[in-house]
Amino acid sequence: MKILVDADACPVKEIIEEIALQLGIPVIMLIDTSHILHSDYSEIVSVSQAPDAVDFALINRTNKGDIVVTQDYGVGAMALGKGAYAIHPSGRSYTNYNIDIMLMERDIAKKRRRAGERVGKRAKKRTPVQDKQFADAFYKLCRKAKELEAGL
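A. Region of interest: the environment of L23. Structurally, L23 can be placed in helix 1 (residues 13-23). For the pair L23 and K146, spaced 123 residues apart in sequence, the C-alpha separation works out to 8.7 Å. The contacts of L23, once residues within four sequence positions are left out, are Y139, C142, R143 and K146.

And the structure:
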């Protein structure tokens, strides 16, 4: 089991590493060549800047039982399809029960943007409360994955 992170714009990299270190889970952070990332704990994998290159590299390294952290609903869906767990930096888990509606909402928003509508709210600065929500949800997911891997 490992944690794979779509790290280009991930706001919770430090939280991921802290929890992974505590639980002894290896982490792979994937970025494109336009980003620079250093870590004393995680393996950093840099891939081409081609569209979706990080997404495909991440999914190609994903196995059943791994944990994927991504803001991209499509990557979350592909991770679920491989039998992995997936979680958004908000702390919301992608599941087989919610992924269809999430993908549908993404598609509707994309169509509205193409039609010239302003969709969604402006991004606000991330708060400590949001970090805590992610940390709590991520820790629980990691513990669950470790227990299932151990057959408990």
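B. Structural view of a nonpolar patch on the surface. A cluster of nonpolar side chains, I101, M104 and I108, forms an exposed patch at the surface whose accessible area comes to about 260 Å². With respect to the helices and strands, the residue M104 is situated in helix 4 (residues 99-114). Under the relative-accessibility criterion, M104 is labelled partly exposed at 45%.

C. Representation of the sheet that holds strand 2 (residues 27-32) in the model. With mixed pairing, the six strands of this open sheet are ordered in space as 3-2-1-4-5-6. Strands with a single pairing partner mark the edges of an open sheet, and in this sheet they are strand 3 (43-47) and strand 6 (93-94). Both strand 1 (residues 3-6) and strand 2 contribute to a ladder of four bridges, which runs parallel. Of the residues in strand 2, the one forming a bridge with I3 is V27.

D. Representation of the pairing of strand 2. The buried fraction of strand 2 amounts to six of the six residues, a majority that puts the element mostly inside the structure. Alternating positions in strand 2 separate into two faces, V27, M29 and I31 on one and I28, L30 and D32 on the other, with burial throughout. The pairing of strand 2 with strand 3 spans five bridges and is parallel. Bridge pairing links D32 to V47 in strand 3.

E. Just the pattern of salt bridges, in detail. Overall, the coordinates contain four salt bridges when judged by the stated rule. The salt bridge involving K2 is made with D66; its shortest N-O contact spans 2.6 Å. Separated by 64 residues along the polypeptide, K2 in the segment before strand 1 and D66 in the loop between helix 2 (53-61) and strand 4 (67-69) bring together distant segments of the chain. D66 carries the same exposure label as K2, and that label is buried. Between R143 and E147 there is a salt bridge; the shortest N-O distance is 3.7 Å. Placement of both R143 and E147 in helix 5 (residues 128-150) is noted, with a separation of four residues, approximately one turn of the helix. The class of R143 is partly exposed, set by a relative accessible area of 35%. Relative accessible area serves as the criterion here: at 35%, E147 is assigned to the partly exposed category.

F. Region of interest: the confidence of the model for the chain. Residue-level pLDDT values for the chain average 90, and 95% of them are 70 or greater. The least confident element of the chain, judged by mean pLDDT, is helix 4 at 75; the most confident is strand 4 at 98.

G. The arrangement of the nonpolar core in detail. Among the nonpolar cores identified, the biggest contains 24 residues, and I3, V5, I16, V69 and F138 are the most heavily contacted of them. At the level of secondary structure, the elements contributing two or more residues to this core comprise strand 1, helix 1, strand 2, strand 4, strand 5 (85-87) and helix 5. Take this core: its biggest share by element is six residues, from helix 5. Those residues in contact with F138 that sit more than four places away from it in its chain are I3, I16, I19, I67, V69 and I87. Grouped together as the second largest cluster of nonpolar side chains are 19 residues, I28, V54, V68 and L80 included.

Conventions we followed
Residues numbered from 1 in each chain as written. Predicted model: local features only at pLDDT ≥ 70, side-chain atom pairs only at ≥ 80, totals over all residues. Heavy atoms only, no water. Helix = DSSP H or I, 4+ residues; strand = E, 2+ residues; numbered from the N terminus. Contact = heavy atoms within 4.5 Å. Patch = residues over 30% accessible without salt bridge, like charges linked within 9 Å, V, L, I, M, F, W, Y side chains within 5 Å. Areas by Shrake-Rupley, 256 points an atom, 1.4 Å probe, with all protein chains shown as cover. Salt bridge = Lys/Arg side-chain N within 4 Å of Asp/Glu carboxyl O. Buried < 20%, exposed > 50% of the residue type's maximum accessible area, 1.4 Å probe, protein only. Pairing = 2+ DSSP bridges. pLDDT = per-residue confidence, 0-100. Core = buried A, V, L, I, M, F, W, Y, C linked by side-chain atoms within 4.5 Å.

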